Amino acid sequence: MNIGDVARASGVSTKMIRYYETIGLIPPAHRSEAGYRNYGANDVHTLRFIRRARDLGFTVEQMTDLLALWRDRSRASSEVKKIALDQVEILERKAEELKAMSRTLKHLAAHCHGDERPDCPILDDLAEAEANSGKAQEPARFGRNGIDPLRIKAR
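Residues numbered from 1 in each chain as written. Predicted model: local features only at pLDDT ≥ 70, side-chain atom pairs only at ≥ 80, totals over all residues. Heavy atoms only, no water.

- Per an unreviewed UniProt entry, the protein goes by the name Cu(I)-responsive transcriptional regulator and belongs to Sinorhizobium psoraleae.
- Turning to the protein, the UniProt annotation filed under Subcellular location (unreviewed entry) states: "Cytoplasm". (UniProt positions renumbered as here; feature names shortened; annotations may be inferred.)

## A few points about the pattern of salt bridges
Moving on, step 1. Applying the stated rule across the entire model yields seven salt bridges.
Moving on, step 2. A salt bridge links R51 to D55; its shortest N-O distance comes to 3.1 Å. In this pair, R51 and D55 both sit in helix 3 (residues 41-55), four residues apart, roughly one turn of the helix.
Moving on, step 3. Assessed through its relative accessible area of 29%, R51 is described here as partly exposed.
Moving on, step 4. For D55, a relative accessible area of 45% puts it in the partly exposed group.
Moving on, step 5. E89 serves as the salt-bridge partner of R93, at 3.5 Å between the closest nitrogen and oxygen. On the criterion of helical spacing, the pair formed by R93 and E89 is a turn pair, its members being four residues apart in helix 5 (residues 77-110).
Moving on, step 6. Taking the relative accessible area as the measure of exposure, R93 reaches 25% and is therefore partly exposed. (Salt bridge = Lys/Arg side-chain N within 4 Å of Asp/Glu carboxyl O. Helix = DSSP H or I, 4+ residues; strand = E, 2+ residues; numbered from the N terminus. Buried < 20%, exposed > 50% of the residue type's maximum accessible area, 1.4 Å probe, protein only.)

## Notes on the UniProt feature "coiled-coil region" (unreviewed entry) in the protein
Moving on, step 1. The sites that UniProt annotates as "coiled-coil region" (unreviewed entry) are residues 81-108.
Moving on, step 2. Between the C-alpha atoms that bound residues 81-108 there is a distance of 41 Å. The span itself is 100% helix and 0% strand.

## Observations regarding the packing of aromatic side chains
Moving on, step 1. Counted according to the given criterion, the structure contains two aromatic pairs.
Moving on, step 2. Taking 5.9 Å as the distance between ring centres and 50° as the angle between the ring planes, the aromatic pair formed by Y19 and Y20 counts as tilted.
Moving on, step 3. According to the relative accessible area criterion, Y19 is partly exposed, its value standing at 40%.
Moving on, step 4. Taking relative accessible area as the criterion, Y20 reaches 1% and is therefore assigned buried.
Moving on, step 5. With 4.4 Å between their ring centres and 15° between their planes, F49 and W70 make a pair best called stacked. Residue F49 is located in helix 3, and its partner W70 is located in helix 4 (residues 60-71); the two are separated by 21 residues in the primary sequence.
Moving on, step 6. For F49, a relative accessible area of 22% gives the class partly exposed. (Phe/Tyr/Trp six-rings, centres within 6.5 Å; stacked < 30°, edge-to-face > 60°.)

## Considering a negative patch on the surface
Moving on, step 1. A cluster of like negative charges, contributed by D119, D124, D125 and E128, occupies part of the molecular surface.
Moving on, step 2. Within the secondary structure layout, D124 lies in helix 6 (residues 121-133). (Patch = residues over 30% accessible without salt bridge, like charges linked within 9 Å, V, L, I, M, F, W, Y side chains within 5 Å. Areas by Shrake-Rupley, 256 points an atom, 1.4 Å probe, with all protein chains shown as cover. Lys, Arg positive; Asp, Glu negative; His and termini not counted. Charge placed at Lys NZ, Arg CZ, Asp CG, Glu CD.)

Structure below.
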């Protein structure tokens, strides 16, 4: 199969397939004499695995670990379970952050008259947050708390 065929069969775009090859998540494809990538059924299976892991929010590092465990028939399922439960923890924290952001925006919108007046508590709150910080903050990877999946792994 060529890269377009494997992309359609796996649900992973050609751009992502090339990226995964570049970073070593998948091995480089075999090449034809003309230099075109050739893929087989195992490649499609691996890319479907990656697609499902990506859909569940796993990082590239986590996917690398999961792929290694998937290929290792002597693996301990406890290792896989730990990665999965760490991901659950990350997702639950992200969900809580999103809920908090939603509550804040609902509160601000409820206090906005939404009429012809220029007063706007939403804009006031956004401007106030910047003024109160006093210094530039490092951007968070996800929301205010800067959830970092790599930090979870270190525990």
